[in-house]
Amino acid sequence: MLSSNPRTTREPDPALLPIPTHVAIIMDGNGRWARQRGLPRVMGHRKGAEAVRTTVTACGELGIKYLTLYAFSSENWKRPRDEVDDLMGLLRHYLRNELNRLNKNNVRLRCIGRRDRLPRDIVDLIEESEAKTRDNTGLTLILALSYGAHAEIVEAARTIAEKAASGEIRPEDVDEKLFSSHLQTADFPDPDIIIRTSGEQRLSNFLLWQAAYAELLFLDDYWPDFTKEKLLAAIDNYRSRERRYGARSG
Ligand code: FPP
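Residues numbered from 1 in each chain as written. Predicted model: local features only at pLDDT ≥ 70, side-chain atom pairs only at ≥ 80, totals over all residues. Heavy atoms only, no water.

1. A closer look at the site of the ligand
Selection criterion: Neighbouring residues are identified by heavy atoms, a residue being near a molecule or strand if any of them is within 4 Å of it. The term polar contact refers here to a pair of N or O atoms within 3.5 Å; inside protein, the definition further demands a hydrogen-donor-capable atom paired with an acceptor-capable atom, and it admits residues adjacent in sequence only when both atoms are side-chain atoms. For every accessible area listed, the method is Shrake-Rupley and the probe measures 1.4 Å; residues are considered covered only by the protein chains on display. Following the grouping adopted for this structure description, the nonpolar residues are Ala, Val, Leu, Ile, Met, Phe, Trp, Tyr, Cys and Pro, the charged ones are Asp, Glu, Lys and Arg, and the polar ones are all others, Gly among them.
Residues in close proximity to the ligand total 18 residues, the closest being Met27, Gly31, Arg32, Arg41 and Arg79. Between Gly29 and the ligand, the recorded distance is 3.4 Å, taken from a backbone N or O atom to an oxygen atom. For the ligand, whose free accessible area comes to 620 Å², the fraction covered by protein is 93%. Classifying every residue of the shell around the ligand gives 7 nonpolar, 6 polar and 5 charged.

2. Examining the pattern of salt bridges
Definition in use: By convention in these notes, a salt bridge is any Lys or Arg side-chain nitrogen within 4 Å of a carboxyl oxygen on Asp or Glu. Put simply, DSSP H or I for four residues or longer makes a helix, DSSP E for two residues or longer makes a strand, and each gets a number counted from the N terminus. Under the scheme applied here, a residue whose accessible area is under 20% of the maximum for its type counts as buried, over 50% as exposed, and between as partly exposed, the area being computed with a 1.4 Å probe on protein chains only.
For the structure shown, the criterion picks out 26 salt bridges. We note a salt bridge from Asp28 to Arg196, for which the minimum N-O separation is 3.0 Å. With Asp28 in the loop between strand 1 (22-26) and helix 1 (30-36) and Arg196 in strand 5 (residues 193-196), the pair connects residues that are 168 residues apart, well separated along the chain. Accessibility classification places Asp28 together with Arg196 in one group, the buried group. Salt-bridge contacts for Arg170 lead to Asp173; the nearest nitrogen and oxygen are separated by 2.9 Å.

3. A closer look at the sheet that holds strand 2 (residues 66-73)
Put simply, the test is: Pairing between strands requires that DSSP locate at least two bridges from one strand to the other. Whenever a helix is involved, its axis is fitted only over the stretch in contact; in every case the axis is a line through C-alpha atoms, and angles between N-to-C directions fall within 0 to 180 degrees. By the convention used here, residues are in contact when the closest approach between their heavy atoms is within 4.5 Å.
With respect to topology, 6 strands assemble into an open sheet ordered 3-4-2-1-5-6, the strand pairing being parallel. Each end of this open sheet is capped by a strand with a single partner; those strands are strand 3 (108-112) and strand 6 (215-218). Between one strand axis and the next, the sheet turns by 20° as a mean value, whatever way the strands run. Here strand 3 runs beside strand 4 (residues 140-147); their pairing, made up of 5 bridges, is parallel. Within strand 4, the position partnered with Cys111 by the bridge is Leu143. Set on the sheet, helix 2 (residues 41-62) makes contact with strand 1, strand 2 and strand 4; between it and strand 2 the angle comes to about 160°.

4. Details of the nonpolar core
Stated precisely, the cut-off is as follows: Residues belong to a common nonpolar core when they are buried Ala, Val, Leu, Ile, Met, Phe, Trp, Tyr or Cys residues joined through side-chain atoms within 4.5 Å.
Within the largest apolar cluster, 44 residues are counted, with the highest numbers of intra-cluster contacts made by Ile25, Val56, Leu67, Leu69 and Leu141. Looking at which element gives the most residues to this core, the answer is helix 3 (residues 81-104), with 7 residues. Contact partners of Ile25, with chain neighbours within four places excluded, come to Thr55, Leu67, Thr68, Leu69, Tyr70, Ile195, Phe206, Trp223 and Phe226. Ranked by size, the runner-up nonpolar core spans 15 residues in total, among them Ile112, Ile142, Ala144 and Ile194.

5. Comments concerning the pairing of strand 5
Side chains Ile193 and Ile195 project from strand 5 onto one buried face, and the interleaved Ile194 and Arg196 project onto a second face that is buried too. Alignment of strand 1 against strand 5, held across 4 bridges, turns out to be parallel. Residue pairing in the sheet places Val23 in a bridge with Ile193 of strand 5. Where strand 5 meets strand 6, 4 bridges bridge the pair, whose relative direction is parallel. Paired with Ile194 across the two strands is Leu216, which belongs to strand 6.

Spelled out as C-alpha cells, the structure:
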C-alpha cells in the first residue's frame, strides 16, 4: 500500500525494506500526454525531458545510487523520421546542457545501448559526459539509448562464444556471474525496482536479464506528469514489499 505520507521514506524503519539501491524507469506516455492536450508529440517528449531532470535530482537527494532510464529503445528507430529526430534533438540538448548540473550534483553518467546506431555527435557528447563525470560518487545515471535487452544478451553470448573458441575460457567456466559480467550493465547491481508509467504492463525489451528479481511497479500517470512526490510514493510502495528471491518467508 502507498503510505499516506510519502515523506516518511527517508526515516529508517526496520519493518520496511531499505530504499532501493537501483531504480529503473520505463518512461512511457509522452505521446498520450501531448494528445490529451491537443499538442504535438514533441511537446510530450519535451515535458518528459523536464521530468527526467526532476527525477535525476530527486534520486540524488534521496541517496539512491543507480537510476536507469529507458530513453530510446532499439525499437524506437521504427518511429517516423521526424519523431526520431525530435528525440535525438532532446538527447543532444540534454547532454550539452546538463553536464554542469550533473557535476554540481555529483552525478556520474553512463550509457548503455548500441552506440553505433546513434548520430556521431551524440556519441561524442556521451563520451565527453562519461569522461567528465567519471569521478563523481553520488548517483550513477544510466541512460539506455538505442537499447534492447535481446541485442545485449546476444552480444554477450557472442563475445563469450568467441572467447571459448579462442581458448581464453572453457565452456564449463560459463556461469551466471561470468554471463552478467559480459552484459553492458556489468558495473551496476541489478535494479531493485522497475517502474513503468502510462498504465502499460510490460517490460518492452528492457533489462530482461537484470529484471529477474526486480519488483515491478506500474503507474497510470503519463511520464511527463511524474514528480518527486510520485517517486517518493513509488519508493514507499517498494519498501513495504517482501522480497524472497524464491525462498520462503518463514
Ligand atoms: C515514451 O513515450 C517515451 C519515449 C519513447 C522517449 C523517452 C524520452 C524522453 C523522456 C525525453 C528525452 C530523454 C532524455 C534523457 C532527455 P511514447 O512516445 O511512447 O508515448 P505514447 O506511448 O503515449 O505514445
